[in-house]
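Okay, here's what each chain looks like letter by letter:
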Amino acid sequence: MILWRAIAAAILFAGIPALLAGEIPPDARRSGYSFMGPDTRAMQDDDTSNPGMLFVLDGETLWRKKTGSADKSCADCHGDARSSMKGVAARYPAFDKALARPVTLDQRINLCRTNHQQATPLPYESRDILTLSAFVAHQSRGIAITAGEDPRLAPFVEQGRKLYLQREGQLNLACTNCHDDNFDKRLAGSPITQAQPTGYPLYRLEWQTLGSLERRLRSCMTGVRAQAYEYGAPELVALELYLMSRARGMPMETPAIRP
Amino acid sequence: MAALINVPAKAKRGDIIEIRTLTSHIMETGFRHTVEGALVPRDIITSFTCRYNGTEIFRADLFPAIAANPYLSFFTIAKESGKFEFEWTGDNGYSTTASASITVE
C-alpha cells in the first residue's frame, strides 16, 4: 500500500515539472533559423538566393511611388527608409493613440495610406502590403526586437499571453504546449520551433511566397482544428504583440526563409 | 518584375565563375483548382537564356514542377570583359530581362 502510494506520489511529482514548464529562459531562446537545415540557412544568408529579397526590392519601388488622391509617396514624408525606418519594425505592434490599441506594421502602413496618402487600404496578405512591410522590416535586420516596452501595451501583452496559454480547437492544444514545452522535438517530421517571430514577413517554402505572422498564426490555428481569427482581429494583434515581446532582444531577420 | 543576379564583378581570364539568378514569378502549375472548382490556368516561365557579349552560353527550359521564384545557378569561363544578358520568357507573353557586367583581367 505504502509502495503504491509512493509510486503514485512519484508519478504525481514527476508530472509537476511538465505542468510548470513554460517560459523559455532568455538565454535559451532560439530563432527558427537554428532549427533549419544547412541548405535553407544558406538560402536565407545569401541575399541573391533569398527570394524574400525580391519582395524587398518591389517594396522599395512602391515606397517611392506616389499614390492616392494626396499624390504622395511614402518617401515624400519618411525620406530615405534606410535611416527613417531603421528599428521601426522591431517595436511593432505599437500603441496607436487615436485607436487606443496596438496596431501591427501592416495596419500602420494602411493607416498611413488612408490618413496621409488618401489611398485605399491594401488588403491583408496582398502582394503590395507584403512587399511594403518586408521593405520596412528589412531596414531593422540585425536590430534587437523592442516590441511591448510601451507601458500602455501591458494589458494587450497580457491578453496575448492568455491566448498563447489558452487551449483551443478539436486537438485542444495551446501554443505553449508545442512551442514552450516541446520545441526541438518533431511533429510529422518537421522540427517544432520556439515560435520566435524574428523574421516576418518571411518567405515560407511551403507557401512559395512571402507571408505575414498573422498568416502563420492562422495556419497554426487551423492545424489544431480551431476556428482561426480573421486577419486584423484584436486577438491576432494581441498574440503577435505577446510573441514579439517574448522575443525582445533577439535580432530581426526580415526577410527570413522558413521551410 | 524584380530579379536578383549574382555575377562576380571581377575575374581572371580563364577563371570558372558561378552565375546565380533569381527571378520573381508565381509559377502557377495549371493543375490547381479554386475553392469553387475552376481550374487555375497555367502561368509559368518556360525558358531562360543567358548571353555573354551576345553569345548564348546557357539555356534552360522550365516546367510546371518548378517552384515559384525560380533560382538558377550555372558556371562559365570568364573570357573577356563585358556584359551578361539574361532573359526569362513564359506564358501569356511574359518576358523580362536583366543584365550584369564583368571585368576580366
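Placed above this text is the structure.
In this report, we go over the structure that sits alongside the text. (Residues numbered from 1 in each chain as written. Chains lettered and ligands numbered in written order. Predicted model: local features only at pLDDT ≥ 70, side-chain atom pairs only at ≥ 80, totals over all residues. Heavy atoms only, no water.)

Attention now goes to a nonpolar patch on the surface. Taken together, the side chains of Ile 16, Phe 75 and Ile 77 of chain B present a nonpolar region at the surface, about 350 Å² in accessible area. For Ile 16 of chain B, a relative accessible area of 65% translates into the label exposed. (Patch = residues over 30% accessible without salt bridge, like charges linked within 9 Å, V, L, I, M, F, W, Y side chains within 5 Å. Areas by Shrake-Rupley, 256 points an atom, 1.4 Å probe, with all protein chains shown as cover. Salt bridge = Lys/Arg side-chain N within 4 Å of Asp/Glu carboxyl O. Buried < 20%, exposed > 50% of the residue type's maximum accessible area, 1.4 Å probe, protein only.)

Turning our attention to the packing of aromatic side chains. Taken as a whole and judged by the stated rule, the model has 13 aromatic pairs over all chains. For the ring pair Phe 55 of chain A and Tyr 203 of chain A, a centre distance of 6.3 Å and an interplane angle of 55 degrees mean the geometry is tilted. Here Phe 55 of chain A, found in helix α3 (residues 52-63), pairs with Tyr 203 of chain A, found in strand β5 (residues 202-204); they are 148 residues apart in sequence, far enough to count as distant. Each member of the pair Phe 55 of chain A and Tyr 203 of chain A is classed as buried. Cluster of aromatic residues (ring-pair linked, three or more members): Phe 48, Tyr 52, Phe 58, Phe 74, Phe 84, Phe 86 and Trp 88 of chain B. Over the face of the ring belonging to Trp 207 of chain A we find Arg 204 of chain A, whose NZ or CZ atom lies 5.1 Å from the ring centre. In this arrangement the basic side chain of Arg 218 of chain A is found over the ring face of Tyr 231 of chain A, its NZ or CZ atom lying 4.4 Å from the centre. (Phe/Tyr/Trp six-rings, centres within 6.5 Å; stacked < 30°, edge-to-face > 60°. Helix = DSSP H or I, 4+ residues; strand = E, 2+ residues; numbered from the N terminus. Lys NZ or Arg CZ within 6 Å of the ring centre and 35° of its normal.)

A few words on the interface of chain B and chain A. The interface is formed by 13 residues belonging to chain B together with 14 residues belonging to chain A. Of the roughly 1,000 Å² buried at the junction of chain B and chain A (both faces included), carbon and sulfur atoms supply 59%. On the chain B side of the interface with chain A, the three residues burying the most area are Ala 2, Leu 4 and Asn 69 of chain B, jointly 42% of the side's total. Between Asp 46 of chain A and Arg 20 of chain B there is a salt bridge whose closest N-O contact spans 2.9 Å. For the interface between chain B and chain A, the tally reads five residue pairs in polar contact (both at pLDDT 80 or more). Residue assignment for the side of chain B that touches chain A shows that the elements contributing at least two residues are β1 (3-6) and β3 (16-23) of chain B. (Contact = heavy atoms within 4.5 Å. Buried area = accessible area lost by both parts, 1.4 Å probe. Polar contact = N/O pair within 3.5 Å; in protein donor to acceptor, adjacent residues only side chain to side chain.)

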